[in-house]
Amino acid sequence: MSETAKPHYETYDHPAGGWGAAKATAKALLEQSVLGKGSRALLSMNKPGGFKCPSCAFPDPDREKTLEFCENGAKALAVEATKKRVTRAFFEQHTVTELMAQSDYWLEEQGRLTEPMRYDAATDRYVPVTWDDAYAMIGRHLRALKDPNEAEFYTSGRTSNEAAFLYSIFVRAYGTNNFPDCSNMCHEPTSRGLPHAIGVGKGTIVMSDFDKAEAIFIFGQNTGTNSPRMMSNLVHARKHNVPIVVVNPMPERALIRFTEPQDPVKMATFGSTAIASEFVHIRIGGDLALVKGMIKALLERDAAGEKVLDQEFIAEHTHGFEAWRDEVLSCSWQDITRVSGISEEQIRRVAEIYARSKATVLCFGMGITQHQQGSRMIQQLAALLMLRGNFGKPGAGIAPIRGHSNVQGDRTVGIDEKPTQAYLDRVRDTFNFEPPREHGHHVVESVEAMIDGRSKVFIGMGGNFIHAIPDTIIAYEAMSRLDLTVGIATKLNRGHIVHGKDALILPVIARSEIDRTSAGEQFVTIEDAMSNVTSSRGVLEPASPDLRAEVEIVCRIARATLPDSHIPWESYIEDYDLIREKIAQVYPEIYTDFPKKIKNPKGFHLDIPPRRRVWKTSTGKANFLVIPGLAVDSDVPDPDMLRLSTIRSHDQYNTTIYSNSDRYRGVYNDRMVLFLSAAEREERGLEKHARVALETISSDGVTRRVEGLTVLDYPMPRGAIAGYYPELNPLLPLSHFDDISGTPAAKSIPVRIVAMADATREAAAA
Ligand SMILES: Nc1nc2c(c(=O)[nH]1)N[C@H]1C(S)=C(S)[C@@H](COP(=O)(O)OP(=O)(O)OC[C@H]3O[C@@H](n4cnc5c(=O)[nH]c(N)nc54)[C@H](O)[C@@H]3O)O[C@H]1N2
Ligand SMILES: Nc1nc2c(c(=O)[nH]1)N[C@H]1C(S)=C(S)[C@@H](COP(=O)(O)OP(=O)(O)OC[C@H]3O[C@@H](n4cnc5c(=O)[nH]c(N)nc54)[C@H](O)[C@@H]3O)O[C@H]1N2
Ligand SMILES: [Mo]
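Residues numbered from 1 in each chain as written. Chains lettered and ligands numbered in written order. Predicted model: local features only at pLDDT ≥ 70, side-chain atom pairs only at ≥ 80, totals over all residues. Heavy atoms only, no water.

The name recorded for the protein chain in an unreviewed UniProt entry is Formate dehydrogenase subunit alpha, from Acetobacter nitrogenifigens DSM 23921 = NBRC 105050.

### Description of helix α26 (residues 472–480)
One full turn of an α-helix is made of 3.6 residues, so residues set three or four places apart face in the same direction. Condition: Accessibility here uses a 1.4 Å probe with only protein chains present; expressed as a share of the type maximum, an area under 20% marks a residue as buried, one over 50% as exposed, and anything in between as partly exposed. Starting at the N terminus, helices and strands are each numbered in turn, a helix being any DSSP run of H or I of at least four residues and a strand any DSSP run of E of at least two. We call two residues contacting when some pair of their heavy atoms lies within 4.5 Å.
Those residues of α26 lying buried are T472, A475, Y476, A478 and M479. Close packing links the buried residues of α26 with α5 (96–100), α24 (443–451), β16 (457–461), α25 (465–468), β17 (484–489) and α27 (494–497).

### Quick notes on the packing of helix α18 (residues 333–340) against helix α19 (residues 344–356)
To keep things clear, this is the line we draw: Axes here mean lines fitted to C-alpha atoms, for a helix over just the part in contact, with angles spanning 0 to 180 degrees between N-to-C directions. Note on angle classes: values under 35 degrees are labelled roughly parallel, values over 145 roughly antiparallel, values of 65 to 115 roughly perpendicular, and the remainder oblique. Note on residue categories: nonpolar means Ala, Val, Leu, Ile, Met, Phe, Trp, Tyr, Cys or Pro, charged means Asp, Glu, Lys or Arg, and polar means any other residue, Gly included.
Two elements in contact, α18 and α19, have axes separated by 10 Å at closest approach and are oriented at 90 degrees. Considered as vectors, α18 and α19 are oriented roughly perpendicular to each other. The residues of α19 that touch α18, namely those facing W333, I336, T337 and S340, are E344, I347 and R348. Looking at the contact of α18 with α19, its residues break down into three nonpolar, two polar and two charged.

### Concerning the side chain of S227
Quick reminder of the rule: N or O atoms within 3.5 Å of each other form a polar contact, as long as, within protein, one can give a hydrogen and the other can take it, and as long as residues adjacent in sequence are counted only when both atoms are side-chain atoms.
Structurally, the position occupied by S227 is in the loop between α11 (223–226) and α12 (230–239). Judged by its relative accessible area of 1%, S227 is buried. Side chain to side chain, S227 and Q221 meet in a polar contact 2.9 Å long. Not counting the four nearest positions on each side in its chain, S227 is found in contact with C56, F58, Q221, N222 and I401.

### Section: the sheet that holds strand β22 (residues 532–536)
We apply this condition: If DSSP finds at least two bridges between two strands, the strands pair.
In spatial order, the strands read β21-β22-β23; together these three strands make up an open sheet with antiparallel pairing. Every other strand in the sheet has two partners, leaving β21 (524–527) and β23 (604–605) as the edge strands with one partner each. Together, β21 and β22 form the strand contacts of helix α8 (residues 161–174), whose direction differs from that of β21 by roughly 90 degrees.

### Some details on the sheet that holds strand β31 (residues 705–713)
Around the barrel, six strands lie side by side as β25-β32-β29-β31-β30-β33; this closed barrel has mixed pairing. Taking each pair of neighbouring strands and ignoring which way they run, the sheet shows an average axis angle of 45 degrees.

### Points about the site of ligand 1
As a reminder of what qualifies: Residues are labelled near a given molecule or strand when at least one of their non-hydrogen atoms is within 4 Å of it. Only the protein chains shown count as covering a residue, and every accessible area follows the Shrake-Rupley method with a 1.4 Å probe.
Around ligand 1 sit 30 residues, and of these N248, E252, D287, R648 and N654 come closest. A distance of 2.8 Å is found between an oxygen atom of ligand 1 and a backbone nitrogen or oxygen belonging to N222. One of the side-chain N or O atoms of H371 is found 3.0 Å from an oxygen atom in ligand 1. Isolated, ligand 1 exposes 920 Å² of accessible area, and the fraction of that covered by the protein chains is 99%. Breaking the shell around ligand 1 down by element, the ones donating at least two residues are α11, α20 (366–369), β25 (642–647) and β26 (652–653).

### As for the packing of aromatic side chains
This is how it is decided: The pairing test for Phe, Tyr and Trp rings, Trp by its six-membered ring, is centres within 6.5 Å, and the orientation test on the planes gives stacked under 30 degrees, edge-to-face over 60, and tilted for anything in between. Only when the NZ atom of a Lys or the CZ atom of an Arg is both within 6 Å of the ring centre and within 35 degrees of the ring normal do we say a charge sits over the ring.
Taken as a whole and judged by the stated rule, the model has 31 aromatic pairs. Aromatic pair F321 and F624: ring centres 5.3 Å apart, planes at 65 degrees, arrangement edge-to-face. Taken together, the positions of F321 in helix α17 (residues 321–329) and F624 in the loop between β24 (622–623) and β25 put the pair 303 residues apart, joining distant regions of the chain. Across the pair, exposure class does not vary: F321 and F624 are buried alike. Plain terms: the ring middles of W569 and Y572 are 6.4 Å apart, the flat faces sit at 80 degrees to each other, and that makes the pair edge-to-face. Of this pair, W569 and Y572 both sit in helix α29 (residues 569–574), separated by three residues, roughly a single helical turn. Relative accessible area serves as the criterion here: at 0%, W569 is assigned to the buried category. Taken together, the ring pairs connect F90, F91, W106, Y119 and Y126 into an aromatic cluster. Between the NZ or CZ atom of R580 and the centre of the ring of F523, over which it lies, the distance is 4.0 Å. Lying across the ring of F604, K597 places its NZ or CZ 4.8 Å from the centre.

### Here's the deal with the pairing of β21
What you see with β21 is no split at all: V524 and I526 on one side and T525 and E527 on the other are buried throughout. Across four bridges, β21 lies against β22 in antiparallel orientation. Bridging from a neighbouring strand, I526 pairs with T534 of β22.

### A closer look at the environment of T95
With respect to the helices and strands, the residue T95 is situated in the loop between α4 (88–93) and α5. Exposure remark for T95: the relative accessible area of 14% places this residue in the buried category. Residues T95 and D120, 25 residues apart in the sequence, show an inter-C-alpha distance of 10.0 Å.

### As for the UniProt feature "domain: Molybdopterin oxidoreductase" (unreviewed entry) in the protein chain
Condition: UniProt positions are given in the numbering used here, feature names are shortened, and annotations may be inferred rather than shown by experiment.
Within this structure's numbering, the places UniProt gives as "domain: Molybdopterin oxidoreductase" (unreviewed entry) are residues 112–484. The annotated region residues 112–484 carries 48% helix and 13% strand content, and the separation between its end C-alpha atoms amounts to 23 Å.

### Quick word on the site of ligand 2
In the neighbourhood of ligand 2, 32 residues make up the surrounding shell, with E108, Y154, E550, T655 and N729 lying closest. Within the contact set of ligand 2, an oxygen atom lies 2.9 Å away from a backbone nitrogen or oxygen of N464. The protein chains hide 96% of the 930 Å² of surface that ligand 2 would expose on its own. Within the residue set of the shell around ligand 2, elements represented by two or more residues are α25 and β17. Among the residues making up the shell around ligand 2, the classes are represented as 13 nonpolar, 13 polar and six charged.

### Describing the domain arrangement of the protein chain
The figure often quoted for interface size is the accessible area lost as the parts come together. Just so we agree on the cut-off: Residue ranges assigned to the domains are those given by an automatic or database domain assignment. What gets called buried area is simply the loss in accessible area from a 1.4 Å probe that two parts show on being joined, summed for both. Salt bridge, as applied in this entry: a Lys or Arg side-chain nitrogen positioned within 4 Å of an Asp or Glu carboxyl oxygen.
Assigned domains of the protein chain: these are domain 1 (85–179 + 419–592), domain 2 (188–229 + 237–247 + 283–401) and domain 3 (642–765). With 19 residues of domain 2 at the contact, the number on the domain 3 side is 24 residues. Across the interface of domain 2 and domain 3, roughly 1700 Å² is buried in total on both sides, 57% from carbon and sulfur atoms. Considering only the side of domain 2, the residues that lose the most area to domain 3 are I284, Q370 and Q372, jointly responsible for 39% of the buried surface there. For R376, the salt bridge identified is with D739, shortest N-O distance 2.9 Å. Along the contact surface separating domain 2 from domain 3 lie five residue pairs in polar contact (both at pLDDT 80 or more). Of all the elements in the fold, those that place two or more residues in the side of domain 2 that touches domain 3 are α9 (188–198), α11, α20 and α21 (374–387). When its residues are assigned to classes, the side of domain 2 that touches domain 3 shows three nonpolar, 12 polar and four charged.

Shown next as structure tokens:
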């Protein structure tokens with residue numbers, strides 16, 4: 001598509017999925033000129049013996065299907081398998097300053113990186129560098145630091161278990177726990193909040209639970225766009241009259257009506273399935289009030305003698321019920337309906353759906369985690385489930401819908417800035433070195449360290465750190481002051497253009513590509529959002545002969561940095577089973593016999609104790625944790641304040657923009673838009689499609705403003721506004737995060753609209 005195509009906006013009122021999705025799949029493959037190759041690769045995506053989709057973390061189905069991919073998985077593959085290439089000639093043609101002026105869309109659209117490049121300040125260009133020189137440069141910089149804690153080692157969630165595990169060992173052998181990772185901006189509230197409640201920071205369901213559930217709740221997750229393969233489970237549930245309750249400030253199209261692109265009858269007859277049986281149009285950050293309202297309704301009915309609580313489960317398996325119950329009962333219906341924006345009648349109806357179901361699955365996404373009290377909010381979702389014993393029985397449990405395809409696995413195998421002492425002991429015993437014991441930096445802390453000059457080196461294992469983090473403008477400045485930035489990547493992105501004094505781009509073999517070593521073709525493993533570990537074996541030829549596998553890059557950096565290390569880095573490069581043997585040694589409870597178990601084409605499931613009603617918490621029980629009040633975000637006493645949620649369009653993968661359109665929300669060729677209700681717009685005296693600026697309300701004296709945004713009428717609740725990530729990240733203050741997990745509250749930024757004329761005038765006056 002052309003970037004300069006004229007923007008237009010319309011209302012999309014068809015079902016999601018269907019022919020639109022089929023067409024978009026073909027279009028994505030065509031645009032990257034990979035129709036034949038891409039289609040062949042799609043046949044082995046998510047199949048035993050094939051490779052795992054590089055898009056989301058949703059597991060493979062239990063039911064056999066001929067095709068197991070979705071529109072957005074196909075797009076992810078198409079951009080990875082693209083015919084386009086970024087070569088040394090490209091870098092000769094463009095200075096880095098010129099590249100800075102290009103959009104993110106344009107940068108990634110140039111295609112796959114082909115050889116290692118080094119920044120040359122004299123010409124302001126990236127120039128070729130040999131792999132050996134690149135490793136040597138990294139080693140030199142890391143050895144020159146006074147303290148290993150002056151380096152930040154970022155990981156994005158596409159990295160395989162094998163590469164992530166070795167990376168975590170190398171970085172600890174080097175001497176730091178500075179592991180900022182994409183999880184810190186994503187499901188960290190799940191990883192840090194949930195363990196206090198149920199003893200594990202992961203989901204407790206498996207795929208078959210979807211089929212056995214009697215009710216499904218989806219809080220703050222845009223399934224049709226971000227984990228489209230889950231739509232099959234939802235369609236299946238609705239066909240069996242299982243109620244689905246959707247809680248979202250945006251009536252996301254696929255959660256209202258959907259046609260499975262793989263259902264030939266529905267496709268031919270233009271039929272579709274209604275997904276949400278109950279849509280709860282929640283105010284941004286109103287979820288805690290809603291959940292407390294549901295709980296209050298159940299407690300009231302219980303007090304009146306109805307058997308709506310699982311008293312046996314509560315007595316045998318939980319702790320802290322009374323104090324928690326009293327706090328919930330102290331919240332008034334008036335406050336509950338005001339904060340949630342939902343009527344008492346609807347809350348009671350939703351509570352009734354929950355009360356009738358003997359087995360409930362509760363899913364959630366970024367609409368829950370990215371708030372100032374995201375972690376505590378998740379503890380209340382767990383409490384809601386505990387009330388009716390919805391752990392450790394078929395068809396029930398909590399389901400954080402993870403983002404990146406291996407973000408959960410990376411954490412399991414050691415990408416953790418707060419490692420436990422027990423884990424560090426096992427690393428010491430397995431690898432025979434003393435790892436650092438003090439905790440390292442998460443994302444926000446790593447950015448703070450860069451801002452005040454405490455950090456000097458940044459290494460990015462995948463991802464696009466600079467555009468994923470808050471306070472974009474401030475971060476640009478901080479990153480450019482670093483001594484060295486390294487981007488280990490498949491595609492060119494902003495993180496390579498905003499660089500340190502020295503900078504490297506190291507191109508990798510992608511998930512869909514063949515990874516050959518002297519010991520033969522290797523496969524890697526990933527852990528999906530339901531804790532299944534499966535293998536992934538690429539089928540396409542690598543985009544260039546000069547690419548290296550992530551595993552090799554980690555091992556060579558390790559050797560260049562720690563020349564005397566007794567760890568046999570070179571052997572891991574050749575044979576990934578040797579890495580899996582070490583993983584088994586460090587994690588004996590879950591990974592025993594890893595090299596053998598992974599030979600099963602369907603992989604294996606990692607133990608999740610709550611599935612057995614075993615609670616690895618401080619009390620040995622599932623804990624009802626008190627969170628006072630109803631707000632998940634702090635109050636901002638400003639009458640003009642709107643809460644801004646920064647969300648994904650249907651045509652992007654995080655910072656990778658596939659096109660500037662968002663079909664299901666009726667937006668074409670424009671990402672600089674804001675979704676606001678017509679009523680809120682009129683109250684602010686704005687015309688339809690008014691051009692405005694948005695400004696963050698904060699007390700730190702920093703002006704955060706994004707200009708040139710078009711206001712679109714959209715069914716949003718009171719006080720709520722939404723727009724796209726990463727364009728609006730300059731509005732997200734670094735200090736605006738969940739205190740338990742450090743996760744930026746990207747779904748709840750206090751902002752005000754500034755009419756463009758005013759914004760221009762003020763800027764001129766300043
Ligand atoms: N195609 C595609 N797939 C992806 C990704 C992608 O970018 N593209 N990203 C991957 C990653 S890393 C992740 S983490 C996931 C993200 O997947 P999601 O969790 O779906 O992420 P978002 O699109 O950011 O927002 C989710 C939803 O939260 C709602 N929301 C906003 N505020 C609130 C609130 O206060 N309460 C409630 N209840 N809802 C709210 C929004 O309206 C939106 O529907 O998807 C993964 N899969
Ligand atoms: N305002 C706001 N900010 C957010 C969010 C939000 O909802 N709102 N969401 C947050 C979330 S949930 C997440 S997960 C983060 C995402 O943050 P990141 O994970 O850092 O970002 P991505 O955009 O997924 O990274 C894309 C880049 O990864 C590289 N890449 C792709 N495949 C591979 C591979 O196989 N190997 C390697 N080495 N590199 C590869 C490519 O070069 C590509 O340019 O953003 C967070 N930031
Ligand atoms: Mo994510």
